[in-house]
Amino acid sequence: MRSVKAVSAHLRCGIVFFLWIIQSTTVVDVVGTHQGIPLSDVKLWASAFGGEMKSIAAKYSGSQLLQKKYKEYEHSVRVEEIDGLKLVERLAKNMEEMFHKKAEAMKRLVEAAEEAHLQHEEDPNLQYEYFNAVLINELDDVGNNVELGGEFILQPNDHFNNLSVNLSLSVVQVPTNMYNKDSAIVNGVYWSEALNKVFVDNFERDPSLIWQYFGSAKGFFRQYPGIKWTPDEHGVIAFDCRNRKWYIQAATSPKDVVILVDVSGSMKGLRLTIAKQTVSSILDTLGDDDFFNIIAYNEELHYVEPCLNGTLVQADVTNKDHFREHLDKLFAKGIGMLDVALTEAFELLTDFNQTGRGSVCSQAIMLVTDGAVDTYDTVFAKYNWPDRKVRIFPYLIGRESAFADNLKWMACANKGYFTQISTLADVQENVMEYLHVLSRPKVIDQEHDVVWTEAYIDNTQMEDNQGPGLMTTVAMPVFSTKNETKNKGILLGVVGTDVPVSELLKTIPKYKLGIHGYAFAITNNGYILTHPDLRPLYEEGKKRRKPNYSSVDLSEVEWEDKDDVLRNAMVNRKTGTFSMEVKKTVDKGKRVLVLHNDYYYTDIRGTPFSLGVALSRGHGKYFFRGSVAVEDGLHDLEHPDVALADEWTYCNTGEHPEHRYLSQIQAIKLYLDGEEPHLKCDKELIQEVLFDAVVTAPIEAYWTSLALNKSENSDKGVEIAYLGTRTGLSRINLFVVPDQLSSQDFLTAEDKEGVFNADHFPLWYKRAAEQVPGTFVYSLPFNTGSENKSVVLASTAIQLLDERKSPIAAAVGIQMKLEFFQRKFWTASRQCPALDGKCSISCDNDDINCYLIDNNGFILVAEDSSLTGVFFGEAEGAVMSRLLAMGSFKRVTLYDYQAICRIYAESSDGSSRLLDPYFAFYATVKWLLTELVIFLLEFNLYGWWYSDFTVKAHRNGRTMLVPCDTEYPAFISERTIKETTGNIDCDDCIKSFVIQQIPSSNLFMVVVDNKCECRDFGPITMDPIEIMYNESLKCERLKLQKDRRRPETCHPFHPEENSMECGRASCLTPSVTATFFALLVALFPR
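Residues numbered from 1 in each chain as written. Predicted model: local features only at pLDDT ≥ 70, side-chain atom pairs only at ≥ 80, totals over all residues. Heavy atoms only, no water.

Considering the pattern of salt bridges
Scanning the entire structure with this criterion turns up 49 salt bridges. Among the ionic pairs, Glu 147 bridges to Lys 181, the shortest N-O distance being 2.5 Å. Here Glu 147 is found in the loop between α4 (84-119) and β2 (155-157), whereas its partner Lys 181 is found in the loop between β4 (171-173) and α5 (183-191), with 34 residues between them in sequence. In this structure Glu 147 comes out as partly exposed when scored by relative accessible area, which is 47%. In this structure Lys 181 comes out as partly exposed when scored by relative accessible area, which is 26%. For Asp 370, the salt bridge is made with Arg 271, and the minimal N-O distance between the two is 3.2 Å. Placement of the pair is Asp 370 in the loop between β11 (362-369) and α11 (377-383) and Arg 271 in helix α8 (residues 270-284), with a sequence separation of 99 residues. Residue Asp 370 is classed as buried on the basis of its relative accessible area, which comes to 9%. Classification of Arg 271 by relative accessible area gives buried; the value is 7%. Where salt bridges share partners, they join Arg 78, Glu 80, Lys 512, Arg 625 and Glu 684 into one cluster. (Salt bridge = Lys/Arg side-chain N within 4 Å of Asp/Glu carboxyl O. Helix = DSSP H or I, 4+ residues; strand = E, 2+ residues; numbered from the N terminus. Buried < 20%, exposed > 50% of the residue type's maximum accessible area, 1.4 Å probe, protein only.)

Topic: unusual backbone geometry
For the bond running from Tyr 224 to Pro 225, omega is -5°, close enough to zero to count as cis. Within the secondary structure layout, Pro 225 lies in the loop between β6 (221-224) and α7 (245-251). Residue Trp 385 is joined to Pro 386 through a cis peptide bond whose omega torsion reads 5°. Its place among the elements puts Pro 386 in the loop between α11 and β12 (390-397). Non-glycine residue Lys 588 carries a positive phi angle of around 60°. Note that Lys 588 resides in the loop between β20 (576-586) and β21 (591-603). A positive phi angle is found at Ser 1000, which is not glycine, with a value near 60°. Relative to the assigned elements, Ser 1000 resides in the loop between β35 (990-997) and β36 (1003-1009).

Structural notes on the state of the cysteines
Defined simply, a disulfide is a covalent bond joining two cysteines at their sulfur atoms. Scanning the entire structure with this criterion turns up 8 disulfides. Bridging Cys 307 to Cys 1035, the disulfide has an S-S length of 1.8 Å. On the sign convention where negative is left-handed, the bridge of Cys 307 and Cys 1035, at about 95° about the S-S bond, is right-handed. Here Cys 307 is found in the loop between β9 (301-303) and β10 (313-314), whereas its partner Cys 1035 is found in helix α29 (residues 1031-1039), with 728 residues between them in sequence. (Disulfide = S-S within 2.5 Å.)

Put into structure tokens, the structure is as follows:
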């Protein structure tokens, strides 16, 4: 019996021991590892390396000296908690005043224009020489000025991005497809010369103004200051001011539009192509405050986007482009049942208007057809009379006029306008006629509504080495005030001026927002006007804009707010607060900071914009004030190694021309000396920057003594010491001559993330602020070049107080050679605790791989130098998987709703083909040939040419970049886990590893057994994955309409309106010779 019990006991012990072995090979073992990588040895290496690196970083950065200097002032400074609501309300007030000044300038232009027109008598025979923007300073073959192109003095001006301009005169641009000596244009140019004086006066009153202009309803564009326009490579200037958003928005009220497109059999060939281009041009005239849908009809109704049956959608860029893609799929067959289509359109407008989700203002039906066999007065009597709230705009496609009377009757009976479009060249001019009709009620009411556009990019304000020149435009309509034309509601044009978003940023005191804080503004539609996370350009190409950059919604950058609480409150112009945890990416999106933000928001009166401020909790909510003698501060501020943030406004040097050439330090000196009473400066910021200049001054002498000591830094491993303070003050010291720097871009304008700018602190400053006080954050910049040119940065934050909520006063750091840094690591990893010097393990051993990684998992040191800068999960997928499972690292899922994906495009889309010179040539030749044959052959001949071109396009498939949504991971280490060991059970082996934190840093040493390849685990990457939406979800996204606020004013109709001026046939058809010759000239350079 005893023997049986003994056997049972031994068996139980054996089973327990066997289970313990299995468990130790599959889970973390914090005592030891299967392969025996000694934790004590790794800890020794990490301690030795960490100690030496902290000593070097602290010594050369001067961090301890600077901390001591700020401590000396601890009891004389005053720490204040920032009142976010008061801050955002003050900023909104400043922006309101700035916007008001721009609007007042436009009002002066409106008054001058209307008075000049009132005094002008139209003269059909008027001859007048004006400065044509394209022809100025052009000479003919014998050296004389060409007609309309006299001598025009131009001088470079830095306020206008160093473009050559004339500050005394404006120029006139006329679209290429219009005759620049047409009587209507010459008369308009003549009376609008009166604006020159007002342009100059406005600029003298407000020198921050940039381009001012008048866009005429006749098509010409008067621009101040005068500048020479250059045609594109095809000799064409396609710009037509009447097609710009600022013009359309100022000229008309918001509108709901249903576009009916005839796709019956008679529309085959060229007619259908012209119809598609007509619809596309109508879409161009719709803006973010408008709503639309497109219905194709023959004997049946076909919603161009079937998903949107029975509703209208907002006319933003994304929706309009989506519908354009579907236009290509239309084909002609059957017979047209216009009465059914009109009934559907009226019922759709009625039902949608009752939901209150549309413009709730003007309504229109656009009818694109080649004829109507009836006037359909019974339909109009049922749905539109007597109020006639829905206007009808018929576009007759083709040269046939048999049905013109019916279509014109429809327009006249329903306060619309009829036009006939015979060729592609007619489309744009004829489409825009409806805008003047919709403007009539506003003109008769004499309501000069001030409108503001969403943000857009002005290429004249964007250079290759700068960011995008984002603008908003303030515009106002100009009306005819002559009594005899009052009931006709004649719109003369629109005046406008551009306001750079950078001007808004100048009003924002970045020093008050803290290291991670920022300000942002949105429109009444929730679209971003300015936000530090807005990315309007493709990453490939310096000036290429994303197609939907102007309609990026706030919810796409503040995506953690899943319920749109913040967005909707701002859209509805409320004042309040909101809080949430956010994940902010830095360093080109490769790293993430998890912060808790408090948001404060209010509206900007007199505009459709709302302003928000985000402050991060902790040090971001506190600010301190120090005080020093002005003389002491100025003395230290004028040191040659001191620089101030270029994009921060210490003094407004842009307001008066005499101040524009002053540096900020020069301006501060003049301001404090009292020599410039007109110089406006931020007194509080200047007081604090003087304080920082005095406190940080001793570090210059400290750095100089280090540089002069030849025994120090003999191998020139440390290259730069740098310092930045909360007020944008920076100091730099070079320990090597500039030519020997491994990275020439660091701390220069090219290093955009590494310097103070208008909306963020430097990256090294941000990361240091989130590190444990007294420790250094090390990083390998992702933009460094080849290995022998690579550098490592080490930075630390300087706190004012020992408390957790202490403001961050400054950050200091060094730049060192990567080779120097790596050498220190390998030296430390060869140490061992054995008294006899015989080490059981070393990083030199072939059986192990040693890595140095940072807190985001990027490799700084590896035996394989090609892994430098690579994410650790790509090199060691199995180990990274286990670290994530154990909690040593955590995965953070991020979303990018402004991403760009590459897709395969089988052919170019129809709208782009119509704009291509080659296609234009084909289309014109086809048109010329069809004019020579009978009506029945028109379609067959055209179809032959068209099908040949289309087949060619399909054969020449290509890839293209398109906007998309992506999901991607980032990784963060768990601060509380200092060391971990573990084993990974692979197919036929066990892989062991040790991870040990480097003291006083954000780094970890990872030692991995490399004898076990562990092929069971693939690499872990940070590659983004496109979020794919199924058809049902795509449809829901199209239908989704977020909260928006309608514009304050609406002018849908007026009882005194003269609706009898309701149409004409096409009369702008160019001659065959002129068209053919122009196209040959355009194609010749190719």
